[in-house]
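Residue-level listing of the chains:
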Amino acid sequence: MIELKSVGSFVDKEGMIYPAFIFSKTPDLHNGCSVLDAPEEWLESLSVEDRKVVQPFLDSYQQDLSEDEAEKAYFEQHPELEP
């Protein structure tokens, strides 16, 4: 897990974010959510350094979304091929 000090959170290798306990500075593993579900204000509060840690998860989602959109468009043009 990587600590994201600017937002008082941690992120794991799966892109799940967890709030940090105030006193122990450890992740609250019972209250995680996906980086993709993080509120816009949380994303805007990331420091430049922390944004570099989170950005690959956001980029990966955008790439997956683009591939899904391309596949959807293809099958709309060729409905006979849709699985």
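Residues numbered from 1 in each chain as written. Predicted model: local features only at pLDDT ≥ 70, side-chain atom pairs only at ≥ 80, totals over all residues. Heavy atoms only, no water.

S.K.: Help me out: how do you make sense of the nonpolar core in this one?
M.R.: A general feature of soluble globular proteins is that nonpolar side chains tend to end up buried together. The biggest cluster of nonpolar side chains holds eleven residues, and these are Leu-4, Val-7, Val-11, Ile-17, Val-35, Ala-38, Trp-42, Leu-43, Leu-46, Val-54 and Leu-58. Where this core is concerned, the elements lending two or more residues are α1 (40–44) and α2 (48–77). Leu-58 has contacts with Val-35, Leu-36, Leu-43 and Arg-51, leaving out every residue within four places of it along the chain. (Core = buried A, V, L, I, M, F, W, Y, C linked by side-chain atoms within 4.5 Å. Buried < 20%, exposed > 50% of the residue type's maximum accessible area, 1.4 Å probe, protein only. Helix = DSSP H or I, 4+ residues; strand = E, 2+ residues; numbered from the N terminus. Contact = heavy atoms within 4.5 Å.)

S.K.: Help me understand the side chain of Asp-50, please; the structure alone is not making it clear to me.
M.R.: Tracing the backbone through its elements, the reader meets Asp-50 in helix α2. Of the side chains with opposite charge, Lys-5 lies nearest to the buried Asp-50, which makes no salt bridge, at 8.3 Å. Within the structure, Asp-50 has its side chain in polar contact with the side chain of Ser-6 (distance 2.6 Å). Residues in contact with Asp-50, not counting those within four places in the same chain, are Glu-3, Leu-4, Lys-5, Ser-6 and Val-7. (Lys, Arg positive; Asp, Glu negative; His and termini not counted. Salt bridge = Lys/Arg side-chain N within 4 Å of Asp/Glu carboxyl O. Polar contact = N/O pair within 3.5 Å; in protein donor to acceptor, adjacent residues only side chain to side chain.)

S.K.: Whenever I open this one, the sheet that holds strand β4 (residues 33–34) confuses me. Can you help?
M.R.: Through backbone hydrogen bonds, the strands of a sheet pair up, either in parallel or in antiparallel fashion. The sheet built from four strands is open, its strands ordered β1-β2-β3-β4 with antiparallel pairing. Sheet topology places β1 (2–4) and β4 at the edges, where each strand pairs with a single neighbour. As defined by bridge partners, strand β2 (residues 9–11) adjoins strand β3 (residues 16–19) across three bridges and the pair is classed as antiparallel. Bridged to Val-11 within β3 is Ile-17. (Pairing = 2+ DSSP bridges.)

S.K.: Even after reading the chapter, I still don't get the environment of Ile-2, so can you show me in this structure?
M.R.: Of note, Ile-2 is situated in strand β1. The spacing of Ile-2 and Asp-50 is 48 residues in sequence and 9.2 Å in space, taken between C-alpha atoms.

S.K.: What am I meant to see in unusual backbone geometry here?
M.R.: In terms of backbone geometry, most residues other than glycine have negative phi values and most peptide bonds are trans. Positive phi, close to 55°, is recorded for Lys-25, a residue that is not glycine. Position of Lys-25 among the secondary structure elements: in the loop between β3 and β4. The class of Lys-25 is exposed, set by a relative accessible area of 52%.

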